[in-house]
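This is what each chain is made of:
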Amino acid sequence: MTDTPSFDERFDAIIVGAGFAGMYMLHSLRARGMRVRVIEAAGGVGGTWYWNRYPGARCDVVSVDYSFSFSEEIQQAWTWTEKYAAQPEILRYAEFVADTLDLRRDMQFDTRVESMIYDDAAATWSVTTDAGDHYVSRFCIMATGCLSIPKDPDIPGLSSFDGPVYFTSRWPHEPIAFGGKTVGLIGTGSSGIQVAPEIAQEADRLFVFQRTPSFTLPARNTPLPASFVEEVKGAYSARRQKARRHPAGHLRPITDRKTFSYEPHERRSAFDGAWESGGLDLFGVFGDLVVDEAANDEVAQMIHRKIEETVADPTTAAALKPTGNPLGGRRVCLDTDYYAMFNRENVTLVDVLKDPIETVVPDGIRTRDGHYKIDALVLATGFDAMTGALLKIDIRGRQGLSLRDKWAHGPVTYLGIAVEGFPNLFTITGPGSPSVLTNVIASIEQHVEWLSDLIDHMDKRALKTVEADAQAEEAWVRHVYDMAAPTLMMKANSWYLGANVPGKPRVFMPYVGGLNVYRDKAQSIADDGYRGFHFEGNERSSQASAKTETLGR
Ligand code: N01
């Protein structure tokens, strides 16, 4: 960690966030001779994997693909041990990358950016932090993550609870002893579904308070055989090339085959096969699940059947069956023994759709019909996704235009990377880009490399600022909507649509067209001289300007 300077400093670029996006962006800009500072609220690198350290936290993209491809040295030196890596291993990987590339010397931890104000005359950004820093930078790059700001859980009486309250998204660093305790868990999305079986093994009793049942598929995680890892490493670059051309940015199975092109018995056996092989293989068998309602419904029914077969108590099984939201409309979860967990004597599902939570009380949770005494409360209540971290900062662009005002009716961006009125400010995996619908590390790499090329383009031509054009931005927002509109994803109450946060504008935020399609579009825009962006000139290159104007260090 670098010392916090007591004087103003100038940088070529300030990057907000030291997760995978901030790490690679720093490395890439530093390689260009730029003076860069990363500002990070956490005490270390890793972003989401720093914070979400709850037991059971595990990635749903296979480990050998959920990793940086830009460095042959790193991908050869690091060895993944499980098909789906658990949080501690991913965090160790992030730390390994930071060590290997010596990233920490340009990172300032335990510091939150509070405001970023554009100075029209100087064409620079003024950045202030909660540590009292005031920095000036030519570029600001928001590597703030799509799922980094916990949603306000909005549960009455929460502060009256006498016991400890743990958020999965802000899990303590020291182990929590649940032995002998009665635990209440609120939230049954990906995080709740992963943490519940772990708590159930340790606690005396676990009450799972479920409002909306999620679709979850068995992950079927396994240790990776050394021979497999060797094989991957032997042909890593070819594997990465394939991933780059894949809509999801990793080699998960996909297909064009339509559900009803199978005979009924074939559909069932194909489904059973995908269920047994685990992970997201289902989407590699039925290619039309997010567009064909009848296909979606049929596969949803097959999942319902699996729930009935697994969960012994019929009332619990019925409550666990997702209805109302199409399969894939909300993020599909991957689990380890989630449904089977409900056969344990110490686990009870509380269906709060039928029996709503009225209030948290000092000794537990009171629902309309019951009173559940608990010793500890775990909240897996989700995030203010995709826009939360950006709007938490007071960002003001040209002529004081506030990002909060500009996005009052939902986020508008060009390519999910730039916003009209906010020159030289970029959003890595921002709303309007494929981001959360892909292997996010692949999306991060594409954005970092595209942005680095843009900065090279500017420096070669002595261009001072770049800004998205209003028409290009408007056309992109329309395109993002047009791609999502025919899908069933528009019919679900999901965080993709902002539906989980009361009052949040209902706008479908990620780009559903696929990372490969998006990559080609972004490249053609670059090849066209950055069509849809405009530049303003400068006498000097960015590197030269910051080097001569640096005040401190
Ligand atoms: O959050 P969520 P998450 N009273 O928003 C419930 C990624 N991720 O942290 O739907 C009662 O999905 C809420 O109920 P409802 C992944 O992209 C990935 O689990 O609003 N319940 C819901 O059940 C994922 O999609 C991995 O009715 C309340 C839950 O809380 C994203 O992160 C692992 C409530 C929130 O579910 C977010 O997942 C973990 C209230 N007042 C996360 N407020 C992997 O890679 C909220 N809820 C595998």
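Residues numbered from 1 in each chain as written. Predicted model: local features only at pLDDT ≥ 70, side-chain atom pairs only at ≥ 80, totals over all residues. Heavy atoms only, no water.

### Examining the site of the ligand
Next, step 1: Lining the immediate surroundings of the ligand are 25 residues, of which Ser 191, Arg 211, Thr 212, Arg 330 and Trp 495 lie closest.
Next, step 2: Within the backbone of Pro 153, an N or O atom sits 2.9 Å from a nitrogen atom of the ligand.
Next, step 3: One nitrogen or oxygen atom from the side chain of Arg 211 is found 2.8 Å from an oxygen atom belonging to the ligand.
Next, step 4: Across the complex, the protein chains shield 88% of the 910 Å² of accessible surface that the ligand would expose by itself.
Next, step 5: Of all the elements, helix H5 (residues 190–202) adds the most residues to the shell around the ligand, at three residues. (Near = heavy atom within 4 Å. Polar contact = N/O pair within 3.5 Å; in protein donor to acceptor, adjacent residues only side chain to side chain. Areas by Shrake-Rupley, 256 points an atom, 1.4 Å probe, with all protein chains shown as cover. Helix = DSSP H or I, 4+ residues; strand = E, 2+ residues; numbered from the N terminus.)

### Looking at the packing of aromatic side chains
Next, step 1: All chains considered together, the criterion is met by 34 aromatic pairs.
Next, step 2: Grouping aromatic residues by their ring pairs yields a cluster made of Phe 20, Tyr 24, Trp 49, Tyr 66, Phe 68, Phe 70, Trp 78, Trp 80, Tyr 93 and Phe 96.
Next, step 3: Positioned above the aromatic ring of Tyr 50, the side-chain terminus of Arg 53 is 4.9 Å from the ring centre. (Phe/Tyr/Trp six-rings, centres within 6.5 Å; stacked < 30°, edge-to-face > 60°. Lys NZ or Arg CZ within 6 Å of the ring centre and 35° of its normal.)

### Some details on the sheet that holds strand E14 (residues 364–367)
Next, step 1: In spatial order, the strands read E13-E14-E15; together these three strands make up an open sheet with antiparallel pairing. Both edges of this open sheet fall to strand E13 (357–361) and strand E15 (371–373), since each of them pairs with a single strand only. The sheet shows a mean angle of 20° between the axes of neighbouring strands, taken without regard to direction.
Next, step 2: In the sheet, E14 pairs with E15 via three bridges, with the strands oriented antiparallel. The partner of Gly 364 across the bridge, within E15, is Lys 373. (Pairing = 2+ DSSP bridges. Axes fitted to C-alpha atoms, helices over the stretch in contact; angles between N-to-C directions.)

### Section: the sheet that holds strand E16 (residues 376–379)
Next, step 1: Spatially, five strands are ordered E7-E16-E8-E9-E12 in an open sheet, and the strand pairing comes out parallel. Looking at strand neighbours, the two that pair on one side only are strand E7 (165–167) and strand E12 (347–351), the edges of this open sheet. Neighbouring strand axes in the sheet, compared pairwise and without regard to direction, differ in orientation by 20° on average.
Next, step 2: Sheet topology places strand E9 (residues 205–210) next to E12; five bridges connect them, and they run parallel. Looking at the pairing, Phe 209 lines up with Val 350 of E12.
Next, step 3: Each of strand E8 (182–186), E9, E12 and E16 touches H5; the most contacted strand, E8, lies at about 170° to it. (Contact = heavy atoms within 4.5 Å.)

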